[in-house]
Amino acid sequence: MRALVIDDERLARKELINLLSQYDHVEVVGEATNVDDAKEKIDALLPDVVFLDIQMPEKTGFELLEELDNVPHVIFTTAYDEYALKAFQVNALDYLLKPIEPKRLGEAIERLQKKLQDQSPKTEEVSSYNSSKKLTLDDQVFVKDGDRCWFVKLINVRLFESDGNYIKVYFESNKPMIHKSLNALDERLDEKSFFRASRKHIINLSWVEAIEPWFNGGLVVTLKGGDRIEVSRRQAARFKDLMSL
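Residues numbered from 1 in each chain as written. Predicted model: local features only at pLDDT ≥ 70, side-chain atom pairs only at ≥ 80, totals over all residues. Heavy atoms only, no water.

A. The arrangement of the overall build of the protein in detail. Tallying secondary structure elements over the protein gives 8 helices and 15 strands in all. For the protein, with 245 residues in total, the buried portion stands at 48%. Considering only contacts within the protein whose residues lie at least 6 apart along the sequence, 51% involve residues at least 24 apart. (Helix = DSSP H or I, 4+ residues; strand = E, 2+ residues; numbered from the N terminus. Buried < 20%, exposed > 50% of the residue type's maximum accessible area, 1.4 Å probe, protein only. Contact = heavy atoms within 4.5 Å.)

And the structure:
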């Protein structure tokens, strides 16, 4: 597994890299000192997992995850106990408190290895985190709303809704906001799985439950869970072709 170590403290990076060197199946492909550096390294090095410090100067580890379109597996590392609860709320793969204990690191790596083995070959491909690759149902995004944070697989997101300069993300009973434009997101999403229903909505096609005619040649799509989304007349013909109607 390819690992990237992200921490602003040089000694902390070196200590963790030294610990990871004891695992033959873990390759540390690089290290990053801050959020901007980390974004570049993630795009260039395509890690399977990032060991991510939460508290860094200028931007936090959480802010890094918010800026990524597609998030690799994450193991948080931090010296601050106060972040423990938030890290678990974030449903991260694991959480390691500094100074990192070799036994806890071993448990985290074992958990990660099991997760990678459980995934389909498609999601294990090293290209899965390539920034130019279309986002598929197997990919995940990071969503933060106040102190609540989630790693959400796109297969579980039924709807994206534009709201000013933000996008509302619909999954389960949650509707948190992310600071992105719907146009930018639309360009990244796989058109086989997601459909731009209108200027305001992108729907997950796997969540479509019913389709009915609407005014002026448009359509109304009902998603599993009850959300009703209008498909504009301009998009209705394309949607019918896509759904083989």
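B. View of the confidence of the model for the protein. For the protein, mean pLDDT is 88; residues scoring 70 or higher make up 89% of the total. Note on residues 121-129: pLDDT under 50 across the span, and 20 contacts to partners over four residues away in sequence or across chains. (pLDDT = per-residue confidence, 0-100.)

C. Focus on the packing of aromatic side chains. Counted according to the given criterion, the structure contains 7 aromatic pairs. Here Phe-62 and Phe-142 contribute two aromatic rings whose centre-to-centre distance is 6.2 Å and whose plane-to-plane angle is 10 degrees, an arrangement assigned as stacked. Of the two residues, Phe-62 is situated in helix α3 (residues 61-67) and Phe-142 in strand β6 (residues 140-145); the sequence distance between them amounts to 80 residues. Note on accessibility: Phe-62 and Phe-142 belong to one class, buried. Taken together, Phe-62, Phe-76, Phe-142 and Phe-151 form an aromatic cluster joined through their ring pairs. (Phe/Tyr/Trp six-rings, centres within 6.5 Å; stacked < 30°, edge-to-face > 60°.)

D. Inspection of the UniProt feature "modified residue: 4-aspartylphosphate" (unreviewed entry) in the protein at higher detail. The residues that UniProt annotates with the feature "modified residue: 4-aspartylphosphate" (unreviewed entry) are Asp-53. Relative to the elements of secondary structure, Asp-53 occurs in strand β3 (residues 49-53). Not counting residues up to four positions away in its chain, the partners in contact with Asp-53 are Ile-6, Asp-7, Asp-8, Gly-61, Thr-77, Thr-78 and Lys-98. (UniProt positions renumbered as here; feature names shortened; annotations may be inferred.)

E. Quick peek at the sheet that holds strand β15 (residues 228-231). One open sheet holds the 3 strands; their spatial order is β13-β14-β15, and the pairing between them is antiparallel. Either end of the sheet is taken by a strand with one partner, and the two such strands are β13 (208-213) and β15. Between one strand axis and the next, the sheet turns by 25 degrees as a mean value, whatever way the strands run. The sheet contact formed by strand β14 (residues 219-223) and β15 spans 4 bridges and is antiparallel. Across the sheet, the residue bridging to Leu-219 is Val-231, located in β15. (Pairing = 2+ DSSP bridges. Axes fitted to C-alpha atoms, helices over the stretch in contact; angles between N-to-C directions.)

F. Up close: the nonpolar core. Grouped together as the largest cluster of nonpolar side chains are 22 residues, with contacts concentrated most on Ile-6, Leu-52, Leu-64, Leu-65, Val-74 and Phe-76. Contributing elements (two or more residues each) for this core: β1 (2-6), α2 (35-45), β3, α3, β4 (73-78) and β7 (148-153). Among residues more than four places away in sequence, those in contact with Val-74 are Val-49, Val-50, Leu-52, Leu-65, Ala-92, Leu-93, Asp-94 and Phe-151. Membership of the second largest hydrophobic core comes to 18 residues, among which are Met-1, Leu-20, Val-49 and Leu-116. (Core = buried A, V, L, I, M, F, W, Y, C linked by side-chain atoms within 4.5 Å.)

G. Expanded view of the pairing of β14. Of all the 5 residues making up β14, 5 are buried; the element is thus mostly covered by neighbouring parts of the structure. Burial along β14 is two-sided: the face carrying Leu-219, Val-221 and Leu-223 and the face carrying Val-220 and Thr-222 are both buried. In this sheet, β14 lies alongside β13 in antiparallel orientation, the contact comprising 5 bridges. Bridge pairing links Val-208 to Leu-223 in β14. Linking β13 back to β14 in an antiparallel pair, the connection comprises 5 residues, with Asn-216 at a positive phi of about 55 degrees. The antiparallel hairpin formed by β14 and β15 contains 4 residues in its connecting segment, where Gly-225 sits at a positive phi of about 110 degrees.

H. Representation of the environment of Ala-108 within the structure. As for its position among the elements, Ala-108 is in helix α5 (residues 102-118). Remark: the alpha-carbon pair of Ala-108 and Asp-94, spanning 14 residues in sequence, is separated by 6.0 Å. Non-local contacts of Ala-108, meaning those with residues more than four positions away in its chain, are made with Ile-75, Asp-94 and Leu-96.

I. Representation of the pattern of salt bridges within the structure. Within the structure shown, the criterion is met by 18 salt bridges. Across the salt bridge formed by Asp-53 and Lys-98, the nearest N and O atoms sit 3.5 Å from each other. You can see Asp-53 sitting in strand β3 and its partner Lys-98 sitting in the loop between β5 (94-97) and α5, a full 45 residues away along the chain. Here Asp-53 matches Lys-98 in class, with each residue buried. (Salt bridge = Lys/Arg side-chain N within 4 Å of Asp/Glu carboxyl O.)

J. Here's a closer look at the layout of surface pockets. Volume-wise, the second largest pocket comes out at about 240 Å³. Lining of the second largest pocket is provided by 17 residues; of these, Glu-66, Met-177, Ile-178, His-179 and Lys-180 occupy positions nearest its centre. Contributing elements (two or more residues each) for the lining of the second largest pocket: α3, β6, β9 (166-171) and β10 (177-178). Here the lining of the second largest pocket takes 4 residues from β6, the largest share from any one element. When its residues are assigned to classes, the lining of the second largest pocket shows 11 nonpolar, 1 polar and 5 charged. (1 Å grid on protein atoms, 1.4 Å probe; cavity = no way out; pocket = protein on both sides within 12 Å on 5 of 7 lines; lining within 4 Å. Points joined across faces, edges and corners; volume = space filled by probe spheres on them. Nonpolar A, V, L, I, M, F, W, Y, C, P; charged D, E, K, R; others polar.)

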